[in-house]
Structure formats: structure tokens, C-alpha cells
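So the chains spell out like this:
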Amino acid sequence: QIVKAGDLLFRIDPAQFQAALRAAEASTRTNQTRLDLAAQEQKRGQEMRGSGNIPESVFQQRNQAFLEAQANLDQSKAEFERARINLGYTDITAPIGGKVGRNVEVDDDALGFVASQDLIPQKARILLQLALTQTSDPANVQAMFDRPSR
């Protein structure tokens, strides 16, 4: 089958990735609410501290609760971003135009294909992009993939 660059080759079932994204979004909203409350408590504590109406230990607890809420929100935002990125990997498109086949044995060397051995697709894609900044010769790109990692 002939494909153009950007054509959809296959789709990984996105259901689990969509669920992870929704869970991360809910976690982010929850942690934002907790941060808002902690910020209000910290502000009240600061005001009471100024008038001497709160023990220092209680103020420190409120301040710590605020810092923890901020860290939790940052973590849930990172989880949301990771879930969004992972969902984007469910549509696999052709990076270039050409011919695709199913369950076909091909001679990679004869066709100038680069094999990524046991690399995960994301790492192989990044390494290929970096390699192509230095050469477009398939043999040189393959040599870069074949180098032992340090």
C-alpha cells in the first residue's frame, strides 16, 4: 500500500490513555482546590501571626500545608502532561511517504532502512531526529544506532 507522510498507519486503542488523562485532570482540579484552601489558611495565619493571635507552631503547620499543596499540584500537572503526551502516541502516522506492507520480510540493508534494535519507539524517534541533523546517509545513521550506549 502506498502512503503519504502523515497518513494514519494504525491506532492503538486510546481508551486507557483517555482514562489516564481524565484521572490526571481530576487530580489536578482536586489539588488546585486544596492549594486554594491552603493559601487562604496561610494568609489567615499570617494575619493572626502579626497580631499575636496564633502560636508559631500553628502558623508553621499552615505554611507547610501550603507548600505540600503546591508540590501536589505540580505533581498532578506533570502527570496530566505525561497522560496527554501518551495519548498522542496512539495514532501512528507515516513519517515519510512510501510503501508499507503487513507481515513482510524485507532486507533492511538493501532498502536503506535503519533498524533501532531494542529501543523504545520514542527514544528511537529522538535519536533518528538527532542523527538526521548530522547526516542523511542511511549507513551513517545506522552506524549511530549501532554504537554501544555509554
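Our subject is the structure listed above.
Residues numbered from 1 in each chain as written. Predicted model: local features only at pLDDT ≥ 70, side-chain atom pairs only at ≥ 80, totals over all residues. Heavy atoms only, no water.

**Focus: the overall build of the protein**
Applicable threshold: Only DSSP runs of H or I covering at least 4 residues are called helices, and only runs of E covering at least 2 are called strands; the numbering of each starts at the N terminus. Burial status follows relative accessibility: with a 1.4 Å probe on protein chains alone, a residue under 20% of its type maximum counts as buried, one over 50% as exposed, and anything between as partly exposed. To measure how exposed things are, a 1.4 Å probe is used in the Shrake-Rupley method; for residues, cover is taken only from the protein chains shown.
Counting its regular elements, the protein contains five helices and four strands. What you see in the protein, going N to C, is helices and strands ordered as β-β-α-α-β-β-α-α-α. Burial analysis of the protein (150 residues in total) assigns 17% to the buried set. When the accessible area of the protein is evaluated, it comes to approximately 11300 Å², of which 53% is carbon and sulfur surface.

**Here's the deal with a nonpolar patch on the surface**
Threshold: A patch consists of residues whose relative accessible area exceeds 30% and which take part in no salt bridge; residues with like charges are grouped when within 9 Å of each other, and nonpolar side chains (Val, Leu, Ile, Met, Phe, Trp, Tyr) when within 5 Å. A pair is scored as a salt bridge if a Lys or Arg side-chain nitrogen falls within 4 Å of a carboxyl oxygen belonging to Asp or Glu.
A surface patch of nonpolar side chains, amounting to about 310 Å² of accessible area, comprises L9, F10, I12 and V100. Considering the arrangement of structural elements, one finds V100 in the loop between strand 4 (98-99) and helix 3 (108-111).

**Re the pattern of salt bridges**
Applying the stated criterion across every chain, the model contains six salt bridges. A salt bridge links R62 to E41, with the shortest nitrogen-to-oxygen separation between them at 3.5 Å. Here R62 is found in helix 2 (residues 56-88), whereas its partner E41 is found in helix 1 (residues 15-50), with 21 residues between them in sequence. Across the salt bridge formed by E81 and R84, the nearest N and O atoms sit 2.4 Å from each other. With E81 and R84 both in helix 2, this residue pair falls three residues apart, about one helical turn. Taken together, the salt bridges that share partners define one network made up of E41, R44 and R62.

**Some points on the packing of helix 1 against helix 2**
When two helices pack together, their arrangement is given by the angle between the helix axes and by the axis-to-axis distance. Under the convention used in this document: Simply put, an axis is a line fit to the C-alpha atoms, just over the touching stretch for a helix, and the angle between two N-to-C directions goes from 0 to 180 degrees. Roughly parallel means an angle under 35 degrees; roughly antiparallel means over 145; roughly perpendicular covers 65 to 115; every other angle is labelled oblique. For a crossing to be left-handed, the near helix must be turned anticlockwise from the far one by less than a right angle; the clockwise case is right-handed. Classification used: nonpolar for Ala, Val, Leu, Ile, Met, Phe, Trp, Tyr, Cys and Pro, charged for Asp, Glu, Lys and Arg, polar for all others including Gly.
The N-to-C vectors of helix 1 and helix 2 enclose an angle of 160 degrees; their axes lie 7 Å apart at closest approach. As far as their axial angle goes, helix 2 and helix 1 are roughly antiparallel. Remark: the crossing between helix 1 and helix 2 carries left-handed chirality. Residue composition of the contact of helix 1 with helix 2, grouped by class: 16 nonpolar, 14 polar and 10 charged.

**Observations regarding helix 2**
The α-helix advances 3.6 residues per turn, and as a result positions three or four apart in sequence lie on the same side. Our working rule: Given a helix with a known number of residues, its expected span is that number minus one, times 1.5 Å. Throughout, a residue-residue contact means that at least one pair of heavy atoms, one from each residue, lies within 4.5 Å.
Here helix 2 is 33 residues long and its end C-alpha atoms lie 48 Å apart, about the 48 Å a rise of 1.5 Å per residue gives. By the burial criterion, the buried members of helix 2 are F59, N63, A69, L73, S76 and A83. Each element contacted by the buried residues of helix 2 is listed here: helix 1.

**Considerations on the side chain of T90**
As a reminder of what qualifies: Here a polar contact is taken to be a pair of N or O atoms separated by no more than 3.5 Å, where protein atoms must pair a possible hydrogen donor with a possible acceptor and residues adjacent in sequence count only if both atoms sit in side chains.
Following the sequence through the fold, T90 ends up in the loop between helix 2 and strand 3 (91-93). Residue classification places T90 among the buried residues on the basis of a relative accessible area of 5%. Here L87 takes part through its backbone oxygen, which lies 2.8 Å from a polar atom of the side chain of T90. Residues contacting T90, with those up to four places away along its chain left out, are F10, R11, I12, P14 and F17.

**Concerning the environment of E81**
For E81, a relative accessible area of 32% puts it in the partly exposed group. Taking the C-alpha atoms as reference points, E81 and L21, 60 residues apart in sequence, are found 8.3 Å from one another.

**Focus: helix 1**
The end-to-end C-alpha distance of helix 1 is 52 Å, a good match for the 52 Å that 36 residues give at a rise of 1.5 Å each. Within the span of helix 1, buried status applies to L21, A24, T28, N31, L35, A38, Q42 and G45. Where helix 1 is buried, its residues touch helix 2.

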